[in-house]
Amino acid sequence: MRTNQTGTRTAVAFACAVALTWALPAMAAPVNILNASFESQILAEDAFTNNVLTDWSDTTACTPNCFGAYNPGVGNASFPSGVVPNGNNTAYMVSPGGVPLTQTLGATLQANTIYTLRVAVGNPLDRPNVGSFGFQLGLVGSAQNVIDFTDLLSNVTDGGFVEYSASTFVSSGNPDIGSTMVLRLIGTNNAGPGTPYVAFDNVRLDAEAVTAAAPEPVTLAMVGVALLGLGATRRKRARSVAA
């Protein structure tokens, strides 16, 4: 009887361990983004760069001052607090025609993975908050946008920043597994310098691998069968003692 009870307890422990294993989320790992908070340029307060932003590119022919790094100081007309989400600088972009700032990543699209892209978006106080903004996780050589998010600039606090995020699950059936990933930051202001612009800061991308698991009802059934077995063993042992 002891052998059966011990075996049943082992089965219960195993079944519970399996259930707990599938219940625990995987640890998300950050995907490396170069100059993610736009701090590569060392700038005095209220200074900015003119169409220069290390590790990011913009293919537009707009000049001057269509994008770059920007360090707003305290009392600044655009961001009066002088505070940005991370570090001293933010990126600004006018982006005529919605041409994005882009960065090709040193990472490829992986199967069975949840990708989460986070970006802080700023709306300057001294410019009309018209137009929209967005961000994408795209793929080199593919029309597929793994993550594609847009919103109106008027939904961002005047003179402040709001954090936005978007997530997606990439299955093993995705045709672009192994393709190089690219980030895009987008504004849709169709004008040049001195017009409304969008600020971006603290760009982050996380990848969380998802392990294939048995459906939850099956796991719970395993636990239930094991518990029933333990109950049957205890009843049988009790009858033997009474006899």
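Details of the structure are given in the entry above.
A few points on the structure. (Residues numbered from 1 in each chain as written. Predicted model: local features only at pLDDT ≥ 70, side-chain atom pairs only at ≥ 80, totals over all residues. Heavy atoms only, no water.)

The next thing to look at is the packing of aromatic side chains. Summed over all chains, the structure comprises 9 aromatic pairs. With a centroid separation of 6.4 Å and an interplanar angle of 85°, the aromatic rings of Phe48 and Tyr70 are classed as edge-to-face. Of this pair, Phe48 sits in the loop between β1 (29–30) and β2 (67–70) while Tyr70 is found in strand β2, placing the two residues 22 residues apart along the sequence. Grouped by ring-pair contacts, the aromatic residues Phe48, Tyr70, Tyr92 and Tyr197 constitute a single cluster. (Phe/Tyr/Trp six-rings, centres within 6.5 Å; stacked < 30°, edge-to-face > 60°. Helix = DSSP H or I, 4+ residues; strand = E, 2+ residues; numbered from the N terminus.)

Residue placement: Asn89 occurs in the loop between β2 and β3 (90–93). Separated by 52 residues in sequence, Asn89 and Ser37 have C-alpha atoms that sit 7.0 Å apart. Ignoring sequence-local partners within four residues, the contact set of Asn89 consists of Ser37, Phe38, Glu39, Gln41, Leu43, Ala69, Tyr70, Asn71, Val84 and Asp201. At a separation of 2.8 Å, a polar atom in the side chain of Asn89 contacts the main-chain carbonyl oxygen of Gln41. (Contact = heavy atoms within 4.5 Å. Polar contact = N/O pair within 3.5 Å; in protein donor to acceptor, adjacent residues only side chain to side chain.)

Turning our attention to the pairing of strand β5 (residues 113–123). Burial analysis of β5 places 9 of its 11 residues in the buried class, the great majority of the element. In terms of strand pairing, β5 meets strand β8 (residues 160–170) through 11 bridges, oriented antiparallel. Following the sheet pairing, Thr116 is matched in β8 by Ser167. (Buried < 20%, exposed > 50% of the residue type's maximum accessible area, 1.4 Å probe, protein only. Pairing = 2+ DSSP bridges.)

Strands belonging to one sheet form pairs held by backbone hydrogen bonds; the direction of such a pair is parallel or antiparallel. If you trace the 4 strands from one edge of the open sheet to the other, you get β4-β9-β6-β7, paired in antiparallel fashion. Pairing within the sheet leaves two strands with one partner each, and these edge strands are β4 (101–108) and β7 (145–152). On average, each strand axis in the sheet is tilted by 10° relative to the strand beside it, whichever way the strands run. One ladder, built from 7 bridges, connects strand β6 (residues 132–139) with strand β9 (residues 180–187); its direction is antiparallel. The residue of β9 that forms the bridge with Gly138 is Val182. (Axes fitted to C-alpha atoms, helices over the stretch in contact; angles between N-to-C directions.)

Here Asn71 is to be found in the loop between β2 and β3. Reaching out from Asn71, the side chain makes a polar contact with the backbone oxygen of Leu43 at a distance of 3.0 Å. Excluding anything up to four places from it in sequence, Asn71 contacts Leu43, Ala44, Glu45, Asp46, Ala47, Asn88 and Asn89.

Attention shifts here to the pattern of salt bridges. Taken as a whole, this structure holds 3 salt bridges when the rule is applied. Between Asp206 and Arg118 there is a salt bridge, with its nearest N and O atoms 2.9 Å apart. Here Asp206 is found in strand β10 (residues 198–209), whereas its partner Arg118 is found in strand β5, with 88 residues between them in sequence. For Glu163, the salt bridge identified is with Arg204, shortest N-O distance 2.6 Å. Residue Glu163 is found in strand β8, and its partner Arg204 is found in strand β10; the two are separated by 41 residues along the sequence. (Salt bridge = Lys/Arg side-chain N within 4 Å of Asp/Glu carboxyl O.)

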